[in-house]
Amino acid sequence: MKSCDKWSPIIAMVAIDSGFAIVNLLLKRIVDGGMDHLVFITYRQCIATIFLAPIAYLSERNRRPKLTFGILCHLFLSAIVGASLTQYFFLLGIQYTSATFSCAFINMVPVLTFLMALPFRLEDVNIKGSTGARAKVVGALVCLGGAMILTLYKGSPLFNYSRSGAATHIVDQALKLSSGKRKERWTLGSMALFSGTLLWSSWFLLQSYISKSYPCQYSSTAIMSLFAAIQSAALAVSMDRNFSMWALKGKEEILTIMYAGIVGSGMCYVGMSWCVKKRGPLFTAAFSPLVQIIAAMFDIPFLHEQLHLGSLLGSITVIAGLYILLWGKNKEMQNCVAKVSQGTEEIKDQEPSSQVDIL
């Protein structure tokens, strides 16, 4: 049973990142087809709400705590930093820079989450007294180094085949997009990606509070998805009054929205909320770099995307840093359990002596 509790969050996060990777691959196709970003986010969050609402009602109706105004405010803020605004910033950043550059920002999420958790005392770092704490710092730095390799070093291609027609079309569009005002667009895209990364990192911290005050993953995610749908729709209408953009074009867009809503914004967010509750925000955020690595596993054999040496080295470095960080986190948990057990034994040892004194 203990082994199951130990490995369940890890298996869950690998499955969650696999779901996110497939969402990203499907998203590339429909965004390239001209679908509006905010329209996609709105439909995605609506599907997630419709999918999660009955599950939340049936599974959590007998143990759901009172939904106060304060909890609603936190869930509304969670929708902003974890869904609507974050997804919009990342889509805008991908449009104005490149997919590889944006993935490098996502790889920095564990480091930012770790640094942001320190002032709120959600993570403790006692470098002099704890091996686990030192391992967490080293793991975070190694992850950051891997992200820098992915960003700054491209390297030689590892395969001889050329790009497919779809991939070439995507690259050509990106080049055309940045040819006019390349510097300005790159700066704007970088700012959007950095903003999205900060918001995404802060969501893990906010979720750690929500999981304690409202420990119902299905209900909280359903409410968050509803708020995110309303926010995205309001932002889309305020930016463009052309209602023809809300019309879906073909089965591919419908299936992508269904999958992204049910799996990406539904099951994956519920799983992440559960992992934050079980292991904390740093543990959950540490798996973010796996999205790019798993996406590459689908990109290379099926879409014939080229793999470069820099991507391979960076991915290996990120995985090594992730392993060190998780080892440090597990070491700290073992130390905490040992201290609690030692304290319990000391209390038991003191009870007989106190009874003798009374007699």
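These figures come from a predicted structure and were not determined experimentally.

To continue, consider helix α5 (residues 109–117). Within α5, seven of the nine residues are buried, which leaves the element mostly enclosed by the surrounding structure. Every buried residue belonging to α5 is among Val109, Pro110, Val111, Leu112, Thr113, Phe114 and Ala117, and all of these are buried.

In this approach a probe as big as a water molecule rolls over the atoms, and the regions it shows empty are the leftover space. By volume, the second largest pocket is sized at about 360 Å³. Contributing to the lining of the second largest pocket are 14 residues, with Trp7, Ile10, Tyr323, Leu326 and Trp327 lying nearest its centre. Only α1 (2–32) and α13 (309–358) provide two or more residues apiece to the lining of the second largest pocket. No other element matches α13, which puts seven residues into the lining of the second largest pocket. Classifying every residue of the lining of the second largest pocket gives 10 nonpolar, one polar and three charged.

Take the nonpolar core next. By size, the foremost hydrophobic cluster in this structure holds 48 residues, and its most contacted members are Trp200, Trp203, Phe204 and Met272. Ranked by residue count, the leading element in this core is helix α8 (residues 182–213), at seven residues. Those residues in contact with tryptophan 203, other than ones at most four positions away along the chain, are Ser78, Val81, Gly82, Met224, Tyr269, Met272 and Ser273. Counting 19 residues, the second-largest nonpolar core is a separate cluster that includes Leu27, Met245, Trp246 and Ala260.

Enumeration according to the criterion identifies 10 aromatic pairs in this entry. Measuring from centroid to centroid gives 5.5 Å for tryptophan 200 and tryptophan 203, while their planes differ by 10°, and the two rings are stacked. Note that tryptophan 200 and tryptophan 203 are positioned in helix α8 at a spacing of three residues, about one turn of the helix. Accessibility classification places tryptophan 200 together with tryptophan 203 in one group, the buried group. With centroids separated by 5.1 Å and ring planes inclined at 70°, the aromatic side chains of tryptophan 200 and phenylalanine 204 adopt a geometry described as edge-to-face. Note that tryptophan 200 and phenylalanine 204 are positioned in helix α8 at a spacing of four residues, about one turn of the helix. Pair check on accessibility: tryptophan 200 and phenylalanine 204 agree, each one buried. Site record: aromatic cluster; members linked through ring pairs are Phe20, Trp200, Trp203, Phe204 and Tyr269.

Thresholds applied
- Residues numbered from 1 in each chain as written.
- Predicted model: local features only at pLDDT ≥ 70, side-chain atom pairs only at ≥ 80, totals over all residues.
- Heavy atoms only, no water.
- Buried < 20%, exposed > 50% of the residue type's maximum accessible area, 1.4 Å probe, protein only.
- Helix = DSSP H or I, 4+ residues; strand = E, 2+ residues; numbered from the N terminus.
- 1 Å grid on protein atoms, 1.4 Å probe; cavity = no way out; pocket = protein on both sides within 12 Å on 5 of 7 lines; lining within 4 Å.
- Points joined across faces, edges and corners; volume = space filled by probe spheres on them.
- Nonpolar A, V, L, I, M, F, W, Y, C, P; charged D, E, K, R; others polar.
- Core = buried A, V, L, I, M, F, W, Y, C linked by side-chain atoms within 4.5 Å.
- Contact = heavy atoms within 4.5 Å.
- Phe/Tyr/Trp six-rings, centres within 6.5 Å; stacked < 30°, edge-to-face > 60°.

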